[in-house]
Amino acid sequence: ETGVTQTPRHLVMGMTNKKSLKCEQHLGHNAMYWYKQSAKKPLELMFVYNFKEQTENNSVPSRFSPECPNSSHLFLHLHTLQPEDSALYLCASSQDAKGLYGYTFGSGTRLTVV
Amino acid sequence: QKEVEQDPGPLSVPEGAIVSLNCTYSNSAFQYFMWYRQYSRKGPELLMYTYSSGNKEDGRFTAQVDKSSKYISLFIRDSQPSDSATYLCAMKGGSEKLVFGKGMKLTVNP
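Keep in mind it's a predicted model, so treat the numbers as computed, not measured.

Contacts between chain A and chain B engage 21 residues on the former and 19 residues on the latter. With both chains or domains summed, chain A and chain B bury close to 1600 Å², and 57% of this area falls on carbon and sulfur atoms. For the interface between chain A and chain B, the tally reads one salt bridge. B:Lys97 is paired through a salt bridge with A:Glu56; the nearest N and O atoms lie 4.0 Å apart. Inspection of the chain A/chain B interface yields five residue pairs in polar contact (both at pLDDT 80 or more). Of all the elements in the fold, those that place two or more residues in the side of chain A that touches chain B are strand E4 (31–37) and strand E9 (87–94) of chain A.

The next point concerns the pairing of strand E11 (residues 104–109) of chain B. Successive residues of a regular strand alternate their side chains across the two faces of the sheet. Residues and elements named next belong to chain B. Burial along E11 is one-sided: Met104, Leu106 and Val108 are buried, while Lys105, Thr107 and Asn109, pointing the other way, are not. Note that strand E9 (residues 85–92) and E11 share three bridges and pair antiparallel. Across the sheet, the residue bridging to tyrosine 87 is methionine 104, located in E11.

In terms of nonpolar packing, the biggest core is built from 26 residues, with B:Trp35, B:Ile72, B:Leu74, B:Tyr87 and B:Met91 touching the most fellow members. Looking at this core, the elements with two or more residues in it are strand E3 (19–25), strand E4 (32–38), strand E5 (45–51), strand E7 (61–66), strand E8 (71–76), E9 and E11 of chain B. Apart from residues lying up to four places away in sequence, B:Tyr87 is in contact with B:Gln6, B:Leu21, B:Tyr36, B:Arg37, B:Leu47, B:Leu74, B:Ile76, B:Gly103, B:Met104 and B:Leu106. Residues A:Tyr49, A:Val60, A:Leu76 and A:Leu111 belong to the second largest nonpolar core, which totals 22 residues.

What follows deals with the sheet that holds strand E6 (residues 54–58) of chain B. Judged by pairing direction, the sheet is antiparallel, and its five strands sit side by side in the order E1-E3-E8-E7-E6 (chain B) without closing on themselves. The open sheet has two free edges, formed respectively by strand E1 (4–5) and E6 of chain B, since each of these has just one partner strand.

A few words now on the sheet that holds strand E7 (residues 64–70) of chain A. Remark on secondary structure: sheet strands pair via backbone hydrogen bonds, oriented parallel or antiparallel. Residue and element names in this part refer to chain A. Read across the sheet, four strands follow the order E1-E3-E8-E7 without closing on themselves; strand pairing throughout is antiparallel. Of all the strands in the sheet, the pair left with one neighbour each is strand E1 (4–7) and E7. The mean angle between the axes of side-by-side strands here comes to 20°, regardless of whether they run parallel or antiparallel. Here strand E3 (residues 18–25) pairs with strand E8 (residues 73–79) via seven bridges, running antiparallel.

Here the focus is the layout of surface pockets. Empty space within the largest pocket amounts to approximately 600 Å³. What lines the largest pocket is a set of 24 residues, among which A:Gln37, A:Ala39, B:Gln38, B:Thr86 and B:Lys105 lie closest to the centre. Elements with a minimum of two residues in the lining of the largest pocket: E9 of chain A together with E9 and E11 of chain B. The greatest single-element share of the lining of the largest pocket, amounting to three residues, is contributed by E11(B). A per-class count over the lining of the largest pocket returns eight nonpolar, nine polar and seven charged.

In this section: the pattern of salt bridges. The final tally for this structure, using the stated rule, is six salt bridges over all chains. A salt bridge links A:Glu44 to A:Lys41, with the nearest nitrogen and oxygen atoms 3.5 Å apart. Under the relative-accessibility criterion, A:Glu44 is labelled partly exposed at 29%. Under the relative-accessibility criterion, A:Lys41 is labelled partly exposed at 41%. In this structure, the salt-bridge partner of B:Glu57 is B:Arg77, at a minimum N-O distance of 3.4 Å. In this pair, B:Glu57 is assigned in strand E6 and B:Arg77 in the loop between E8 and E9, connecting sequence segments 20 residues apart. B:Arg77 gets classed as partly exposed once you look at its relative accessible area, which sits at 29%.

Conventions adopted
Residues numbered from 1 in each chain as written. Chains lettered and ligands numbered in written order. Predicted model: local features only at pLDDT ≥ 70, side-chain atom pairs only at ≥ 80, totals over all residues. Heavy atoms only, no water. Contact = heavy atoms within 4.5 Å. Buried area = accessible area lost by both parts, 1.4 Å probe. Salt bridge = Lys/Arg side-chain N within 4 Å of Asp/Glu carboxyl O. Polar contact = N/O pair within 3.5 Å; in protein donor to acceptor, adjacent residues only side chain to side chain. Helix = DSSP H or I, 4+ residues; strand = E, 2+ residues; numbered from the N terminus. Buried < 20%, exposed > 50% of the residue type's maximum accessible area, 1.4 Å probe, protein only. Pairing = 2+ DSSP bridges. Core = buried A, V, L, I, M, F, W, Y, C linked by side-chain atoms within 4.5 Å. Axes fitted to C-alpha atoms, helices over the stretch in contact; angles between N-to-C directions. 1 Å grid on protein atoms, 1.4 Å probe; cavity = no way out; pocket = protein on both sides within 12 Å on 5 of 7 lines; lining within 4 Å. Points joined across faces, edges and corners; volume = space filled by probe spheres on them. Nonpolar A, V, L, I, M, F, W, Y, C, P; charged D, E, K, R; others polar.

By themselves, these observations are geometric and do not establish any function.
What follows is the structure in structure tokens.
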């Protein structure tokens, strides 16, 4: 399998649940990102990892907890979310953290918080 | 003023039309300019990439950057129903993060 793969594609969770989103890239890239995409808003950068180290946390609430065990895998752990957290969560990767030649995105996880 | 402004549309055109999509920006440090295409239920995919000013052509697609006006454009010639998607502009300086527009939803009607 090639590119950036995200699972699950869809997720419905209650506000008291704990769930995790998974991202895997087969491109040999060293930087990985989590983005939130909501209707009629620009993509919102959440977290950046470069060589497994977190280099940016864009003031994301602590109910979102990222984990990067290696350069190919990225997780987003979710707990006690709010309905306004419902959105498409996109994972992306780039050759390096400068990302001068753009990012490769996965298909996203459509999250609904009820 | 937002860093990147993009009219979210939607835009509906007949098949074969020439489509013009635009973004303006305020940060003069931006040097790398990209257009992403996002089909429904998919992630964005890189469509065009331009460094600094000038034009770049790839098949039916042309990207233009006018740094003096802080304005970038994507032209689609002979538009096809398969071009129906959301188009996002994105740009960055050398060490800054990639900044995206809101995305313009395009529908090409057969």
